[in-house]
Amino acid sequence: MDNVEILGLIAAGFVTVANIPQTIKIVKTRSTKSISAITYAMLFVGMVLWVIYGIYKDDLPIIMANSIAAALCGTILTVKCLAKFRGNETS
């Protein structure tokens, strides 16, 4: 592992960890009123595409960061969509 890959892993760690507090807050409170489903859907698709790109490039930092971030983003998007579907989005 060279310095550039280590730098990528560190950057990936920061970007991924930044999503955790928001995900925890939304899962705990079930409050999704202030977030945009369209934004999270686009983020989710973008992250999945980055994972595919990382697989083709055999780039571990891209694969790891975007896989975890996509899972967190997917969780938020799922809670948002379920709340909208059930009609019980809380503020």
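Residues numbered from 1 in each chain as written. Predicted model: local features only at pLDDT ≥ 70, side-chain atom pairs only at ≥ 80, totals over all residues. Heavy atoms only, no water.

**Q** So what about helix α3 (residues 60-86)? Which residues, and what values?
**A** Along an α-helix, residues three or four apart share an orientation, since each turn contains 3.6 residues. Between its terminal C-alpha atoms α3 stretches 38 Å, which fits the 39 Å expected from 27 residues at 1.5 Å a residue. Once α3 finishes, glycine 87 follows within two positions and takes phi at roughly 75°, a positive value. (Helix = DSSP H or I, 4+ residues; strand = E, 2+ residues; numbered from the N terminus. Expected span 1.5 Å × (residues − 1).)

**Q** Any chance you could break down a nonpolar patch on the surface for me, citing the residues and the numbers?
**A** Where nonpolar side chains cluster on the molecular surface, the patch consists of Val45, Val48, Leu49, Ile52 and Tyr56 and spans about 500 Å² of accessible area. As for its position among the elements, leucine 49 is in helix α2 (residues 37-57). Assessed through its relative accessible area of 51%, leucine 49 is described here as exposed. (Patch = residues over 30% accessible without salt bridge, like charges linked within 9 Å, V, L, I, M, F, W, Y side chains within 5 Å. Areas by Shrake-Rupley, 256 points an atom, 1.4 Å probe, with all protein chains shown as cover. Salt bridge = Lys/Arg side-chain N within 4 Å of Asp/Glu carboxyl O. Buried < 20%, exposed > 50% of the residue type's maximum accessible area, 1.4 Å probe, protein only.)

**Q** Quick one: what's the story with the side chain of threonine 23, residue by residue and with numbers?
**A** Position of threonine 23 among the secondary structure elements: in helix α1 (residues 3-29). The exposure class of threonine 23 is buried, given its relative accessible area of 7%. Within the structure, threonine 23 has its side chain in polar contact with the backbone oxygen of asparagine 19 (distance 2.9 Å). Discounting chain neighbours no more than four positions away, the residues touching threonine 23 are Leu72, Thr75 and Ile76. (Polar contact = N/O pair within 3.5 Å; in protein donor to acceptor, adjacent residues only side chain to side chain. Contact = heavy atoms within 4.5 Å.)

**Q** Provide a residue-level description of the nonpolar core, including the pertinent values.
**A** Grouped burial of nonpolar side chains is what soluble globular proteins tend to show. Formed by Ile26, Ile35, Tyr40, Met47, Ala69, Ala70, Cys73, Ile76, Leu77 and Val79, the largest nonpolar core amounts to ten residues. Broken down by secondary-structure element, the contributors of at least two residues to this core are α2 and α3. When residues in this core are grouped by element, the largest group, six residues, is from α3. Those residues in contact with valine 79 that sit more than four places away from it in its chain are Ile26, Val27, Arg30 and Thr32. (Core = buried A, V, L, I, M, F, W, Y, C linked by side-chain atoms within 4.5 Å.)

**Q** Break down the environment of valine 48 for me, citing the residues and quoting the values.
**A** With respect to the secondary-structure elements, valine 48 resides in helix α2. On the accessibility criterion, valine 48 (32% relative accessible area) is partly exposed. A C-alpha to C-alpha distance of 9.4 Å links valine 48 and alanine 71, two positions 23 residues apart in sequence.

**Q** Which residues make up the packing of α1 against α3, and what values do they have?
**A** Between α1 and α3, the shortest axis-to-axis distance is 8 Å and the interhelical angle comes to 10°. In this view, α1 runs roughly parallel relative to α3, as classed from their interaxial angle. The segment α1 lies against α3, with Glu5, Gly8, Leu9, Ala12, Thr16, Asn19, Ile20, Gln22, Thr23, Ile26 and Val27 engaging Leu60, Pro61, Met64, Ala65, Ile68, Ala69, Leu72, Thr75, Ile76 and Val79. Tallied by class, the residues present in the contact of α1 with α3 amount to 14 nonpolar, six polar and one charged. (Axes fitted to C-alpha atoms, helices over the stretch in contact; angles between N-to-C directions. Parallel < 35°, antiparallel > 145°, perpendicular 65-115°, else oblique. Nonpolar A, V, L, I, M, F, W, Y, C, P; charged D, E, K, R; others polar.)

**Q** Describe in detail the packing of α2 against α3, supporting the description with residues and values.
**A** Following both chains from N to C, one finds α2 and α3 inclined at 155°, their axes separated by 8 Å at the closest point. In terms of axis orientation, α2 runs roughly antiparallel to α3. Between α2 and α3 lies a crossing whose hand is left-handed. Contacts between α2 and α3 involve Ala37, Tyr40, Ala41, Leu43, Phe44, Met47, Val48, Trp50, Val51, Tyr53, Gly54 and Ile55 on the former and, on the latter, Ile62, Ile63, Asn66, Ser67, Ala69, Ala70, Cys73, Gly74, Ile76, Leu77 and Lys80. Split by residue class, the contact of α2 with α3 holds 18 nonpolar, four polar and one charged. (Left-handed = near helix turned anticlockwise from the far one by under 90°.)

It is worth stressing that arrangement in space is one thing and function is another; only the former is reported here.
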